[in-house]
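Survey of secondary and tertiary structure
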Amino acid sequence: MDIILEKLREIVHKSHVSDTKYLTFAYSQNVDPILEGIPDYVAIPKSAQEISEILKLANEKNIPVYPRGGGCCEFGGSKPIGDGGIVLDLKQMDKIINLDEDHLIVTVESGISWAQLDEYLSPFGLYTGCMGPGSGMTASIGGGISHHSVGGGGGAKYGACTKQLISLEVVLPTGEIINTGSQANRFSKIPFGRFGNGPDLSGLFCGDNGILGIKTKVSLQVFPRPKFVECKTFQLKGNTARSAAKIMIEIRRRGIDVYDAMYIPDIVVSVFKSEKVILPWIENKIRRGLFFYTIEAYSQEELNEKVKQLDQIFEENKAKILGPEISDGNIARWHYKEQGHWQLYHPLWGLTPTSEPCTTECFVPIQQFPSLLEAIEQWEYEHTPEMDKIFEVTKVRPIVGSGPILLLGENSVEVTCGFTTYPHKDIREINLSLWKSMIDLVTKMGAQWYMMGDICSREFVEIGAFTPEYYSLLTNMKRILDPKNILSRGKFKLLEVEK
Ligand SMILES: Cc1cc2nc3c(=O)[nH]c(=O)nc-3n(C[C@H](O)[C@H](O)[C@H](O)COP(=O)(O)OP(=O)(O)OC[C@H]3O[C@@H](n4cnc5c(N)ncnc54)[C@H](O)[C@@H]3O)c2cc1C
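Sequence order as written defines residue numbering, which begins from 1 separately in each chain. A pLDDT threshold of at least 70 governs which residues receive local features in this predicted model, and a stricter bar of 80 or more applies before side-chain atom pairs are shown or counted, although totals over entire chains, interfaces and linings include all residues. Excluding hydrogens and water, the side-chain values take into account all heavy atoms of the structure.

**Focus on the overall build of the protein chain**
The helix and strand tally for the protein chain stands at 16 helices and 20 strands. For 499 residues, the compact-globule estimate of 2.2 N^0.38 gives 23 Å, and the protein chain sits close to it at 23 Å. With the principal axes as the frame, the protein chain shows a C-alpha extent of 65 × 60 × 45 Å. Buried residues are those whose accessible area, probed at 1.4 Å on protein chains only, stays under 20% of the maximum for their type, while exposed residues exceed 50% and partly exposed ones sit between those limits. Taken over 499 residues, the protein chain has a buried fraction of 59%. Pairs of residues are marked as contacts when any of their non-hydrogen atoms sit within 4.5 Å. Of all intrachain contacts in the protein chain linking residues separated by at least 6 positions in sequence, the fraction that spans at least 24 positions is 71%. For every accessible area listed, the method is Shrake-Rupley and the probe measures 1.4 Å; residues are considered covered only by the protein chains on display. In the form shown here, the protein chain has an accessible surface area of approximately 20300 Å², with 53% of it arising from carbon and sulfur atoms. Of the side chains in the protein chain, 53 bear a positive and 62 a negative charge, and the two mean positions are spaced by 1 Å. A run of H or I in DSSP counts as a helix once it spans at least four residues, and a run of E counts as a strand once it spans at least two, with each numbered from the N terminus. Each radius of gyration reported is based on C-alpha atoms, and the globular scaling rule is 2.2 Å times the count of residues to the power 0.38. Counted as positive: Lys and Arg. Counted as negative: Asp and Glu. His and the chain ends are not counted at all. In this description, the location of a charge corresponds to atom NZ of lysine, CZ of arginine, CG of aspartate or CD of glutamate.

**Side note on the sheet that holds strand β4 (residues 86–89)**
The strands making up a sheet are joined through hydrogen bonds of the backbone, oriented either antiparallel or parallel. Sheet architecture is open: four strands sit in the order β1-β2-β4-β3, paired in mixed fashion. Whereas interior strands pair on both sides, the edge strands pair on one side only; in this sheet they are β1 (17–18) and β3 (65–68). Where strand β2 (residues 41–43) lies against β4, three bridges are found, and the strand directions are parallel. Looking at β4, one finds that Ala 43 is bridged to Leu 88. Lines are fitted to the C-alpha atoms to define the axes, a helix being fitted only along its stretch in contact, and any angle between axes, read from their N-to-C directions, falls within 0 to 180 degrees. In the packing of helix α3 (residues 48–61) onto the sheet, the strands contacted are β2, β3 and β4, and the crossing angle to β4 comes to about 170 degrees. Here, any two strands with at least 2 DSSP bridges between them count as paired.

**Digging into helix α13 (residues 384–394)**
Regarding α13, the residues found buried are Met 387, Ile 390 and Thr 394. Considered in projection along α13, the buried side chains sweep an arc of 60 degrees and stay on one side of the axis. Within α13, the exposed residues directed more than 90 degrees away from the buried face are Pro 385 and Glu 392. In the core, the buried residues of α13 are packed alongside α12 (369–382), β17 (400–402), β19 (412–421) and α14 (428–444). Note that the arc is defined by the directions from the helix axis to the C-beta atoms.

**Looking at the pairing of strand β5 (residues 96–100)**
Consecutive side chains of a regular strand alternate in pointing toward one face of the sheet and then the other. Alignment of β5 against strand β6 (residues 105–109), held across four bridges, turns out to be antiparallel. The residue bridging Ile 96 from the neighbouring strand is Val 108, located in β6. Remark: four residues form the turn of the hairpin made by β5 and β6, two consecutive strands paired antiparallel; Leu 104 in that turn has positive phi of roughly 55 degrees.

**Remarks on the domain arrangement of the protein chain**
Per the annotation, domain bounds derive from an automatic or database assignment of domains. Here the domain parsing of the protein chain yields domain 1 (3–89), domain 2 (96–224), domain 3 (228–342), domain 4 (346–459) and domain 5 (466–493). Between the C-alpha centres of domain 1 and domain 5 the distance comes to 21 Å. Contacts between domain 1 and domain 5 engage eleven residues on the former and seven residues on the latter. Simply put, the buried area is the total loss of 1.4 Å probe accessible area from both parts when two parts are fitted together. For the pair domain 1 and domain 5, the summed buried surface comes to about 840 Å²; carbon and sulfur atoms form 57% of the total. Area buried by domain 1 at its contact with domain 5 is led by Asn 59, Asn 62 and Ile 81, which between them contribute 45% of it. Salt-bridge detection follows one rule: a side-chain nitrogen of Lys or Arg within 4 Å of a carboxyl oxygen of Asp or Glu. Between the two partners, domain 1 and domain 5, sit zero salt bridges.

**Some thoughts on the site of the ligand**
In the region of the ligand, 39 residues are neighbours, and Pro 67, Gly 69, Ser 135, Ser 140 and Val 150 sit closest. Elements with a contribution of two residues or more to the shell around the ligand: β3, α5 (141–147) and β10 (214–221). All amino acids are sorted into three groups, where Ala, Val, Leu, Ile, Met, Phe, Trp, Tyr, Cys and Pro are nonpolar, Asp, Glu, Lys and Arg are charged, and the leftover types, Gly among them, are polar. Looking at the shell around the ligand, its residues break down into 13 nonpolar, 20 polar and six charged. Residues are classed as near a molecule or strand on a simple rule: at least one heavy atom within 4 Å of it.

**Focus: the environment of Leu 303**
By secondary structure assignment, the location of Leu 303 is in helix α10 (residues 300–316). Considering only alpha carbons, one finds Leu 303 and Glu 230, 73 residues apart in sequence, at a separation of 7.5 Å. Those residues in contact with Leu 303 that lie beyond four places of it in its chain are Phe 228, Val 229, Glu 230, Ile 295, Glu 296 and Ala 297.

**Examining the side chain of Glu 296**
Note that Glu 296 resides in strand β14 (residues 290–297). Given the relative accessible area of 1%, Glu 296 is considered buried. With sequence-adjacent residues up to four places away left out, Glu 296 is seen in contact with Tyr 127, Lys 157, Tyr 158, Pro 226, Phe 228, Val 229, Tyr 259, Glu 302, Leu 303, Lys 306 and Tyr 336.

**Brief notes about the nonpolar core**
Buried Ala, Val, Leu, Ile, Met, Phe, Trp, Tyr and Cys residues form a nonpolar core when they are joined through side-chain atoms within 4.5 Å. With 125 residues, the main nonpolar core has Tyr 263 and Phe 369 as its most contacted residues. When neighbours within four sequence positions are excluded, Phe 369 is seen to be in contact with Ala 241, Ala 244, Ala 245, Met 248, Tyr 263, Val 364, Ile 405, Val 413 and Val 415. Ranked by size, the runner-up nonpolar core spans 24 residues in total, among them Leu 5, Leu 57, Val 171 and Ile 486.

**A short note on the environment of Cys 73**
By secondary structure assignment, the location of Cys 73 is in the loop between β3 and β4. You can call Cys 73 buried: its relative accessible area is 6%. Expressed as a C-alpha distance, the spacing of Cys 73 and Asp 32, which sit 41 residues apart in the sequence, is 8.6 Å. Cys 73 has contacts with Asn 30, Val 31, Ser 78, His 147, Met 451 and Gly 453, leaving out every residue within four places of it along the chain.

**Some points on α14**
Because each turn of an α-helix spans 3.6 residues, side chains separated by three or four positions end up pointing in the same direction. By this rule, a helix spans an expected 1.5 Å times one less than how many residues it contains. Taking 1.5 Å of rise per residue, 17 residues should cover 24 Å, and α14 covers 24 Å from first to last C-alpha, within 8% of that figure. Looking at α14, one finds that the buried residues are Ile 430, Asn 431, Leu 432, Leu 434, Trp 435, Met 438, Ile 439, Asp 440, Val 442 and Thr 443. Immediately beyond the C-terminal end of α14, within one or two residues, lies Gly 446, with a positive phi of roughly 90 degrees.

**Some remarks on unusual backbone geometry**
The residue His 148 is not glycine, and still its phi comes out positive at about 55 degrees. With respect to the secondary-structure elements, His 148 resides in the loop between α5 and α6 (155–158). The backbone of Gln 339 sits at a positive phi, close to 55 degrees, despite the residue not being glycine. Relative to the helices and strands, Gln 339 resides in the loop between α11 (331–337) and β16 (356–365). The class for Gln 339 is partly exposed, based on a relative accessible area of 34%.

Right under this line is the structure:
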């Protein structure tokens, strides 16, 4: 038997390690239609100790290791870059370790999904505030922390999920296990605070795209879910993107703590209607871009006052309110009450049979998103020959534009723009170059990427978006923590020459 396989089976239960082709192939892709890298082995560990042993083995044998949570990274982050290596599937590490009801902190294993955690917290009247990403039904807490995820609800009030982070247990690339935040003090009995005991080392692993360590335990702040909620949806007038940006800025200026505020661009509304996805019943009622808000409060009086102030903003912007029921097109209600926050983005994958998007999901300042949407329209026009070629091969024209745009805790928005295409070998190179070209466009408009994975982390470095000083610091940090470049080898092109 292969010696590596044998050693992995001494560490992890033998039924949880494999090198069979059908399994390794199943772990060779994420959700995009292009990027692929077939690992040699897949291991499904059950503890930090097992992960530590695997990483020590990988260092000894110089084998790259790629951590994977739900595998929903849109930039190919949780599969190998090039073939080979070990994919560590962390989804078996899904236990709730402790709910500290006095201090409102939950500690979980990092492979648990956002939906599993929510199901556990609900009977206590608690929630995580930011409900993770739009993929929260599958995506893991560890993946969310590795991406600064936001988008699955609560983003406007609570910000990205890393804001709620208290402490982490991390297995370093060389196999040592550390705890951060209050737990850096070995005498601390319970996780209770993020900042202190020296620099914020939790921050080092937040949004690291799995390059600096493997998170195995996560302690998050939780919140009592307010009992009073209003959800309203509006149809916008005129240039709906500019109108949406004005409304978002006004919400922030007046200090109203909306839970969610989302703009659904014209193109998304027309795709929802033509493809009959998300809310098929809105078909005839709605023609232009939509905007919805959800606001929470701890009393009816508080809620009434906040709703009054919000409605005034929509009135000033000549937005037309839709009816209160979901069947009236009130997406806000569906989003909040029926877990639409975890369903909204899913149909964007496979909008038409077998099509998948090449996305560019990032944060930009509120003011800037209308110009970004305009730049993407122009980009589509400039790339007409490539679009024609895709059409010629697949008989379907790509849909280009942005998905829903969500207000975040800071005064920025989350934008998911991109194009849909097909995993067809004759257009592979076109898909790849179009995708890179869109990443370049968005990066050069100053966007902040939170999920970078394979293609975006490499392209960002390729076009020199990091200053040399910043990139040198990042490289040195990687070299100190991971001298053999074992973890997520290839991302950000770190230590490539020295490999
Ligand atoms: C339908 C759909 C909707 C989405 N909506 C959103 C959205 O609204 N907002 C958003 O932020 N993203 C969104 N995403 C992207 C993605 O799902 C999220 O970023 C999610 O948080 C990733 O979690 P995951 O468990 O799937 O991570 P994976 O894809 O498995 O991993 C993500 C990255 O983190 C690393 N990693 C995973 N677990 C660990 C760990 N425990 N320790 C160290 N590194 C680790 C991986 O190597 C990889 O680089 C969406 C994706 C899809 C398919």
